[in-house]
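Here is what each chain is made of, one letter per residue.
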Amino acid sequence: MTVMIDIADANKTFTMHLQGGIELPVVRGVTFQVQPGECVVLSGPSGAGKSSILKMIFGNYRCDSGRIGIRHRGMLIDLATAEPRQVLNVRRATIGYVSQFLRAVPRVATIDVVAEPLIVNGLSRADAQARAGELLHRLNIPERLWQLPPATFSGGEQQRVNIARGFISDLPILLLDEPTASLDAANRAVVVELVAEKKRQGVAMVAIVHDDEIRHLIADRIVDVTSFAAAA
Amino acid sequence: MADFDTLEADRPLLIADGLSKSYGRIAACRDVSFSLYPGEVLAIVGESGSGKSTLLQLLSGQLAASGGQVSYRMRDGVTRDLAALGEAERRLLFRTDWGFVHQDPAQGLRMAVSAGANVGERLMAVGWNHYGRIRESASDWLTRVEIDVARIDDAPRTYSGGMRQRLQIARNLVTGPRLVFMDEPTGGLDVSVQARLLDLLRNLVAELHLAVVIVTHDLAVARLLSHRVMVMKGGRVIETGLTDQVLDDPREPYTQLLVSSILPP
């Protein structure tokens, strides 16, 4: 099998210059791999560094040392040392990220927020909107809301818009940060289905899930983040 | 449309190499180097006096550098040193392949002539002479920047601040430039007007695959519009990288100070 994510001995420390240069170790020696079609769930208490690891895989946080290997267009690229342009290419073609909160642009309609990742990759607006509509339907966002910007939606609705935006692409790697946190049972079930579909398509996933039941349903493997605890 | 891995996109459009500018003993800009690629948006952030506007003037050939050079890949594919261009060539570049959006629209527009003429003028400067076609293109651009075509014959001095700024953008984009410089384009506007302008800019930049160098002191603007950011302080670039990386994981003390000084919305 071809490894999609290959992280080796990655380290991250924050240096807080405004607080007298305090060193805040985040994670040390992060090492794991993810295969196509596999969902790895990161576990550990709050503050153990789970979200930081996701952000390192996405290239949002920099690594101090170690390797973040990502299979991009058939080649293994080290995101820890990649040029900004390469990181952007990897995000466009390879890695999707469903963050905990939707960062909405003012004025943009919900349907376009969801369709955007497809349009960026060259799909026509009409086709992209059609697929966005299907996903919004499945996630129970009523059609009368589609033309409104999501800024005024409830927390749960915004999260479902965010999930639709994250799942719409056909990217081979998907990072999920608490995708079910503020959803009701019916919508949680939809997310579990969506994850299962991605697995069948061979998508490699890394997820953070606090809900034991959901974790049980989606995880193929659990990586315990406390083993990367940075505290000496 | 968005194949960023093609060869064309793989060659830099603008290259700054060791750019410096000093006024007597004061160094306004020290040893700045970077490459800008087609379709890439680079934000230059920093406080007043950090050298960001000086850098923008150096990059756009409006100010002669004390050291270093700026090269640009012309439409014929040849990369040339800007300082070696003749005055006519430089002017042509400014009228066709480049745009410059000033903070104050009055600097980029002719306030007493009609909006249509403001846009059409740039087309005439590159040889358009068919009145009907010029007017058609001007109307089209007014619509794209969300100005009611019924206002085409009014002078921009009768426009609101937000409309003026959108008109300035239309005037710049009508000739299909590949590179646009922007100096605090949302600087003087109300917050609600700013949001609309930012959204418009964001869409135009993506649709037209524009390369942009934008100077701003507003990190929210940098986050919304740019792919990459350079943080300047005392004439030097002190930190650079992907925009979300620099803003979410700032390394330098000064960048951490800038990021932590943003008021929550």
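Remember, predicted model here, so these are calculated numbers, not experimental data. (Residues numbered from 1 in each chain as written. Chains lettered and ligands numbered in written order. Predicted model: local features only at pLDDT ≥ 70, side-chain atom pairs only at ≥ 80, totals over all residues. Heavy atoms only, no water.)

Attention now moves to the overall build of chain B. A tally of helices and strands in chain B yields 10 helices and 10 strands. A compact globule built from 265 residues should have a C-alpha radius of gyration of about 18 Å, and chain B, at 18 Å, falls within 12% of that. Judged by the C-alpha coordinates and their principal axes, chain B covers about 55 × 45 × 45 Å. Considering only contacts within chain B whose residues lie at least 6 apart along the sequence, 67% involve residues at least 24 apart. Put simply, chain B shows about 11700 Å² of open surface, and 52% of that area lies on carbon and sulfur atoms. (Helix = DSSP H or I, 4+ residues; strand = E, 2+ residues; numbered from the N terminus. Rg over C-alpha atoms; globule rule 2.2 N^0.38 Å. Contact = heavy atoms within 4.5 Å. Areas by Shrake-Rupley, 256 points an atom, 1.4 Å probe, with all protein chains shown as cover.)

Our next topic: a nonpolar patch on the surface. All names here are of chain B. On the surface, a nonpolar cluster with roughly 250 Å² of combined accessible area is contributed by L92, V126 and W128. Along the chain, the position of V126 falls in the loop between α4 (115-125) and α5 (131-144). Accessibility expressed as a relative area gives 31% for V126, which makes it partly exposed. (Patch = residues over 30% accessible without salt bridge, like charges linked within 9 Å, V, L, I, M, F, W, Y side chains within 5 Å. Salt bridge = Lys/Arg side-chain N within 4 Å of Asp/Glu carboxyl O. Buried < 20%, exposed > 50% of the residue type's maximum accessible area, 1.4 Å probe, protein only.)

Residue and element names in this part refer to chain A. Pairing is antiparallel in the open sheet, where four strands are placed in the order β2-β1-β4-β5. Two strands bound the open sheet, and with one partner strand each, they are β2 (22-34) and β5 (75-78). Along the sheet, successive strands turn relative to each other by an average axial angle of 30°, direction set aside. Sheet topology note: the strand β1 (residues 5-16)/β2 ladder contains nine bridges and is antiparallel. When the sheet's bridge partners are listed, A10 is paired in β2 with V30. (Pairing = 2+ DSSP bridges. Axes fitted to C-alpha atoms, helices over the stretch in contact; angles between N-to-C directions.)

With that settled, the discussion passes to the environment of B:L189. All names here are of chain B. Here L189 lies in the loop between β7 (179-183) and α7 (191-208). Note: C-alpha distance between L189 and V119 (70 residues apart in sequence) is 22 Å. Not counting residues up to four positions away in its chain, the partners in contact with L189 are G161, G162, Q165, Q194 and L197.

Attention shifts here to the packing of helix α3 (residues 110-120) of chain A against helix α4 (residues 125-138) of chain A. All names here are of chain A. Where α3 contacts α4, the two axes come as close as 8 Å, and the packing angle between them is 120°. In terms of orientation, α3 and α4 fall into the oblique class. α4 is crossed by α3, and the crossing has right-handed handedness. Taken together, the residues of α4 that come into contact with α3 (itself represented by T110, I111, D112, V114, A115, L118 and I119) are R125, A128, Q129, R131, A132, G133 and L136. Classifying every residue of the contact of α3 with α4 by side-chain character gives eight nonpolar, three polar and three charged. (Parallel < 35°, antiparallel > 145°, perpendicular 65-115°, else oblique. Left-handed = near helix turned anticlockwise from the far one by under 90°. Nonpolar A, V, L, I, M, F, W, Y, C, P; charged D, E, K, R; others polar.)

On to the pattern of salt bridges. Residue and element names in this part refer to chain A. Tallied over the full model, the rule gives 26 salt bridges over all chains. Put simply, R67 and D6 hold a salt bridge, and the shortest N to O gap is 2.9 Å. You can see R67 sitting in strand β4 (residues 65-72) and its partner D6 sitting in strand β1, a full 61 residues away along the chain. R67 sits in the partly exposed class, given a relative accessible area of 34%. The exposure class of D6 is buried, given its relative accessible area of 13%. A salt bridge links D212 to R215; the shortest N-O distance between them is 3.3 Å. A residue pair is termed a helical-turn pair when its members lie 3 or 4 positions apart in one helix, as D212 and R215 do in helix α7 (residues 212-218) at three residues. Residue D212 is classed as exposed on the basis of its relative accessible area of 55%.

All names here are of chain B. Counted at 1.5 Å a residue, the expected span for α5 with its 14 residues is 20 Å, and the 20 Å between its end C-alpha atoms agrees. Taken as a whole, α5 has its buried residues at I134, S137, A138, S139, W141 and L142. Considering only its buried residues, α5 is in contact with α4, α6 (161-173) and α7. (Expected span 1.5 Å × (residues − 1).)

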